[in-house]
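If you want the building blocks of each chain, they are given just below.
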Amino acid sequence: MAFASLLAASAPVTPDHTYTYLFCDLMTDTVLAELPLADVSYSTELNGIGTLRATIPYTDETAPLDPETASQPGRTALYVDRDGVIVWAGIIWTRQPSGKYSKEIQAAEFMSYYQHRYVKTTLSTDSSAVLNPSLVPAGQVLYADQKYIMWSLMTYAHVQAGGNPGISVDGLTAPPHGITRQATYYGFERPEIYKAISELAAADDGFDFGIDVGWTATTNNNPPKRYRRARTWYPRRGRTADESGLVFVKGGQGASILSYDWPEDGTASATEVSSLGAGTGEAKLSAVVQDTDRLASGWPLLEAVTSYDAVVDQAQLTGLANSELAAREQAQVQPTFEVSADTDPAFGSYSVGDEALFIIDPEPICPAGRSGVLRIVGIENTAAAGPERVRLTCVGV
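This one's a predicted model, so the numbers in the text were calculated from it and none came from an experiment. (Residues numbered from 1 in each chain as written. Predicted model: local features only at pLDDT ≥ 70, side-chain atom pairs only at ≥ 80, totals over all residues. Heavy atoms only, no water.)

1. Here's the deal with the overall build of the protein
The line we're drawing: Working definition: helices are DSSP H or I runs of at least four residues, strands are E runs of at least two. Numbering for both runs from the N terminus. In this treatment the radius of gyration is a C-alpha quantity, and the globule benchmark scales as 2.2 Å times the residue count to the 0.38 power. When accessible area is computed with a 1.4 Å probe and restricted to protein chains, residues below 20% of their type maximum are described as buried, those above 50% as exposed, and intermediate ones as partly exposed. Contacts are residue-level and defined by heavy atoms, with any inter-residue pair within 4.5 Å sufficient.
Check the secondary structure of the protein and you find seven helices and 20 strands. The C-alpha atoms of the protein give a radius of gyration of 24 Å, which matches the 21 Å a tight globule of 397 residues would have. Burial status across the protein gives 46% buried among its 397 residues. At a minimum sequence separation of 6, the contacts of the protein that also span at least 24 residues come to 65%.

This is the structure in structure tokens:
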């Protein structure tokens, strides 16, 4: 009996997490319903769009909450609150039956809204390329700093009727990044706004971007409110490994890594990148960059081609090619780790963009063990009241 009591006392305590799911009108943020969800998994991505998948039960208990109206695709925002912290938010885009008494929903983070918005009137940093030389939002001229171009594109989307889903762009104002770009987005080509921002951010001396969500602080007895704020991080989002102090370990007492996949893949590697920009035929803008160091060390010529149809500036296109080449250099290192949410480092203590030290103790398939500093570019969690497992997607640094 005493031995059993000792075992019980030494067993790790699994925190009991409380999840709340708020379904809100996309345009007004009015709460439509607080519904239970099952089989919930959600993710965030660095400079990408995280997703959520879940099931809404259609039962006698949820019927009075009208889940059909509260989860209408294309006009419903969904917030995931974990222990009083909004850990995910986005827009419901699809819904379909998943049984007699439930429907499956799929949602994507708020940045996905701009995958459904396009430039319909030519916008440019060059006032001679447009009819209305006033600055956006009244005219067509983009501010030249890369941060302000993002502000201009989002503001252009917001000033149109029905075009502002309550995402603040105040965080995209001063101070600038200090990186000047030349950009023209032709209305007749209908460039997608999210893609335009992604390409702008991916160039040399680019930036990280996303939409922060959360609760405001309680002030003067005013209750907290939800917020959606567009942000950029320059030159990068997240902390270095030295700054974060994050260490994930597999093996030994207190290990946080439950399983991992640390592959080596040469199929995505490249020692030369050709990037294609705007134009047609022989007049099409192009940039070719090579990894001369790796070629000199004996690597073969491995070519990759990327297209950026809306890019009209040679310097920006060369920057995009250099960025792609740098990414291809790291293509051999794309590990994923399944970690415990409640073992140090705990879920919530890290975010996309952070660097961490990952240590694998020696084991049969890795006799010497393995370790390295990696950058977290994707976080996926499966909601549960008990133990949670988090999937981390990483790249080399």
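The rest of the description comes next.
2. Here's the deal with the environment of Trp88
Going by this rule: Each polar contact in these results corresponds to two N or O atoms within 3.5 Å; when the atoms are within protein, one needs to be able to donate a hydrogen and the other to accept it, and residues that are neighboring in sequence are counted only if both atoms are side-chain atoms.
Topologically, Trp88 is positioned in strand 6 (residues 85-97). Residue classification places Trp88 among the buried residues on the basis of a relative accessible area of 1%. Sequence separation between Trp88 and Asp212 is 124 residues, and the spatial gap between their C-alpha atoms is 9.3 Å. In terms of polar contacts, Trp88 uses its side chain to reach the backbone carbonyl oxygen of Ser43, at 2.9 Å.

3. Let's talk about the packing of aromatic side chains
Note the threshold: Pairing of aromatic rings covers Phe, Tyr and the six-membered ring of Trp, with a centre-to-centre limit of 6.5 Å; geometry is then stacked below 30 degrees between planes, edge-to-face above 60, and tilted otherwise.
All told, the structure shown has 15 aromatic pairs when counted by the stated rule. Their ring planes at 10° and their centres at 6.0 Å tell us that Tyr19 and Tyr21 sit as a pair that is stacked. Tyr21 gets classed as buried once you look at its relative accessible area, which sits at 6%. An aromatic cluster of at least three residues, connected via ring pairs, comprises Phe248, Tyr260, Trp262, Phe337, Phe347, Tyr350 and Phe358.

4. Digging into the sheet that holds strand 16 (residues 303-307)
Defined as follows: One bridge is not enough; two strands pair if DSSP finds at least two bridges between them. Fitted lines through C-alpha atoms give the axes, limited to the stretch in contact for helices. The angle between two N-to-C directions lies from 0 to 180 degrees.
Ordered in space as 15-14-16, the three strands form an open sheet in which the pairing is mixed. Both edges of this open sheet fall to strand 15 (286-290) and strand 16, since each of them pairs with a single strand only. Each neighbouring strand pair of the sheet contributes to a mean axis angle of 15°, computed without reference to strand direction. Relative to strand 15, strand 14 (residues 272-276) runs antiparallel, the two being bridged by five bridges. By the bridge assignment, Ser274 is partnered in strand 15 with Val288. Where helix 7 (residues 314-329) meets the sheet, it contacts strand 14, strand 15 and strand 16, and its direction lies at approximately 35° from that of strand 15.

5. Notes on the packing of helix 3 (residues 146-158) against helix 4 (residues 193-202)
For clarity, the threshold we go by: Should an angle fall under 35 degrees it is called roughly parallel, over 145 degrees roughly antiparallel, and 65 to 115 degrees roughly perpendicular, with every other angle called oblique. Residues are grouped as follows: Ala, Val, Leu, Ile, Met, Phe, Trp, Tyr, Cys and Pro are nonpolar; Asp, Glu, Lys and Arg are charged; every other residue, Gly included, is polar.
It is the contact of helix 3 with helix 4, at a shortest axis distance of 10 Å, that shows an interaxial angle of 175°. In terms of orientation, helix 3 and helix 4 fall into the roughly antiparallel class. Residue-level contacts link Gln146, Ile149, Met150, Leu153, Met154, Tyr156 and Ala157 of helix 3 to Ile193, Ala196, Ile197 and Leu200 of helix 4. Here the contact of helix 3 with helix 4 is composed, by residue class, of ten nonpolar, one polar and no charged.

6. Focus: the pairing of strand 2 (residues 31-34)
The side chains of a regular strand alternate, first on one face of the sheet and then on the other. Alignment of strand 1 (residues 19-25) against strand 2, held across three bridges, turns out to be antiparallel. Each bridged residue has a counterpart across the sheet, and for Leu22 the counterpart in strand 2 is Glu34. Connecting strand 1 to the antiparallel partner strand 2 that follows it, the hairpin turn spans five residues, and Asp29 within it adopts a positive phi of roughly 65°.

7. A closer look at the pairing of strand 14
In terms of burial, strand 14 is largely enclosed, as four of its five residues are buried. Bridge count between strand 14 and strand 16: five bridges; the pairing is parallel. When the bridges of strand 16 are listed, Leu276 appears paired with Ser307.

8. With respect to the layout of surface pockets
The test is simple: Grid points spaced at 1 Å over the protein atoms alone were grouped into cavities, where a 1.4 Å probe fits but cannot get out, and pockets, open sets with protein on both sides within 12 Å along at least five of seven lines, with lining residues defined by an atom within 4 Å of a point. Grid points are joined across faces, edges and corners, and a volume is the space filled by probe spheres set on the points.
Of the volumes computed, that of the largest pocket is approximately 1,200 Å³. Along the walls of the largest pocket sit 36 residues, with Leu46, Asn47, Ser323, Ala327 and Arg375 positioned nearest its centre. Mapped onto the lining of the largest pocket, the elements with two or more residues apiece are helix 4, strand 10 (208-215), helix 7, strand 19 (370-382) and strand 20 (389-396). For the lining of the largest pocket, the leading source of residues is helix 7, giving seven residues. Computed from the structure, the second largest pocket encloses a volume of approximately 750 Å³. Considering the residues around the second largest pocket, the lining is formed by 30 residues, among which Thr44, Val87, Asp212, Val213 and Arg237 are closest to the centre. Breaking the lining of the second largest pocket down by element, the ones donating at least two residues are strand 3 (38-45), strand 6, strand 10 and strand 11 (226-233). Ranked by the residues each element gives to the lining of the second largest pocket, the list is headed by strand 10, at six residues. Class assignment of the residues belonging to the lining of the second largest pocket gives a composition of 17 nonpolar, seven polar and six charged.

9. Quick look at helix 3
Where we set the bar: A helix is expected to reach a length of 1.5 Å times the quantity of its residues less one.
Taking 1.5 Å of rise per residue, 13 residues should cover 18 Å, and helix 3 covers 19 Å from first to last C-alpha, within 8% of that figure. Of all 13 residues in helix 3, 13 are buried, a share of seventy percent or more. Measuring from the side-chain oxygen of the N-cap residue of helix 3 to the backbone nitrogen of Lys147 gives 3.0 Å; that N-cap residue is Asp145.

10. What about the pattern of salt bridges?
Short version of the rule: The working definition used for a salt bridge is a side-chain nitrogen of Lys or Arg within 4 Å of a carboxyl oxygen of Asp or Glu.
Here the structure, examined in full by the defined rule, presents 16 salt bridges. Two residues, Asp354 and Arg239, come together in a salt bridge whose shortest N-O distance is 2.8 Å. Here Asp354 is found in the loop between strand 17 (336-340) and strand 18 (355-360), whereas its partner Arg239 is found in the loop between strand 11 and helix 5 (241-244), with 115 residues between them in sequence. Take Asp354: its relative accessible area is 2%, and that puts it in the buried class. One salt-bridge network, held together by shared partners, links Asp29, Arg226 and Arg228.

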